Amino acid sequence: MPAKKQVAQESVGQRIRALRLANNLTQDEFAQQLGVSRSAIAQWETDRAGQVRENLERISKVLGTSLAYLVSGETGSLQGDELALMRLYRACAPEDRQILLRTAKRLARS
């Protein structure tokens, strides 16, 4: 039986913001990489429409994620420990997410 796909309750904007922060990008840096204004990023992250749909493919590439995850929060390809880590990460407050990311990066270098 195939693994059941997991869908997050976050909005597209919340996922964009979380991934941008996970990549240690400011709104200005992210905007430069996408060729859009910082205010466009702010609008996307607060779910105030803008041109987010037209830019989702580029956003996913810059943030290193799948289009499916950005659009629906789908994590169907994650299993076991990876899925458990993703769930724990999502349950954390934003400042705690940053601590987890720094720790994971440090451990990955070891």
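Criteria and cut-off values
Residues numbered from 1 in each chain as written. Predicted model: local features only at pLDDT ≥ 70, side-chain atom pairs only at ≥ 80, totals over all residues. Heavy atoms only, no water. Helix = DSSP H or I, 4+ residues; strand = E, 2+ residues; numbered from the N terminus. Buried < 20%, exposed > 50% of the residue type's maximum accessible area, 1.4 Å probe, protein only. Contact = heavy atoms within 4.5 Å. Expected span 1.5 Å × (residues − 1). Arc of directions from axis to C-beta. Salt bridge = Lys/Arg side-chain N within 4 Å of Asp/Glu carboxyl O. Phe/Tyr/Trp six-rings, centres within 6.5 Å; stacked < 30°, edge-to-face > 60°. Lys NZ or Arg CZ within 6 Å of the ring centre and 35° of its normal. Polar contact = N/O pair within 3.5 Å; in protein donor to acceptor, adjacent residues only side chain to side chain.

Peer 1: Quick rundown of the overall build of the protein chain? Include the residues and the values.
Peer 2: Within the protein chain one finds seven helices and zero strands. Helices and strands appear in the protein chain in the N-to-C order α-α-α-α-α-α-α. Expressed as a percentage of its 110 residues, the buried residues of the protein chain come to 32%. Put simply, of all contacts in the protein chain between residues at least 6 apart along the chain, 55% involve residues at least 24 apart.

Peer 1: Explain helix α4 (residues 52–63) to me, and be specific about the residues and the numbers.
Peer 2: An ideal rise of 1.5 Å per residue puts 16 Å on twelve residues; α4 reaches only 14 Å between its terminal C-alpha atoms. Restricting attention to buried positions, one finds in α4 the residues V52, N55, L56, I59, S60 and L63. Burial along α4 is one-sided: seen end-on, the buried residues are contained in an arc of 160 degrees. Of the exposed residues in α4, the ones pointing more than 90 degrees away from its buried face are E54 and K61. Following α4 by one or two positions, G64 has its phi on the positive side, about 65 degrees.

Peer 1: Please give an account of the pattern of salt bridges that cites residues and values.
Peer 2: Between side chains of opposite charge, a pair can form when the charged atoms approach closely. This structure, assessed with the given rule, holds three salt bridges. The residue E10 makes a salt bridge to R97 at a minimum N-O spacing of 3.3 Å. Placement of the pair is E10 in the segment before α1 (12–22) and R97 in helix α7 (residues 94–109), with a sequence separation of 87 residues. The exposure class of R97 is buried, given its relative accessible area of 11%. With a closest N to O distance of 2.5 Å, E45 and R20 form a salt bridge. You can see E45 sitting in helix α3 (residues 38–45) and its partner R20 sitting in helix α1, a full 25 residues away along the chain. Like E45, the residue R20 is buried in the burial classification.

Peer 1: If you had to explain the packing of aromatic side chains to someone new, which residues and values would you point to?
Peer 2: Tallying each qualifying case throughout the model produces zero aromatic pairs. For R15, the ring lying beneath its charged end belongs to Y69, and the centroid distance is 5.9 Å.

Peer 1: Tell me about the side chain of E10, residues and numbers included.
Peer 2: On the basis of relative accessibility, which here comes to 18%, the residue E10 falls in the buried class. Side chain to side chain, E10 and R97 meet in a polar contact 3.3 Å long. The contacts of E10, once residues within four sequence positions are left out, are R15, Y69, R90 and R97.

Worth remembering: the numbers are spatial, not functional.
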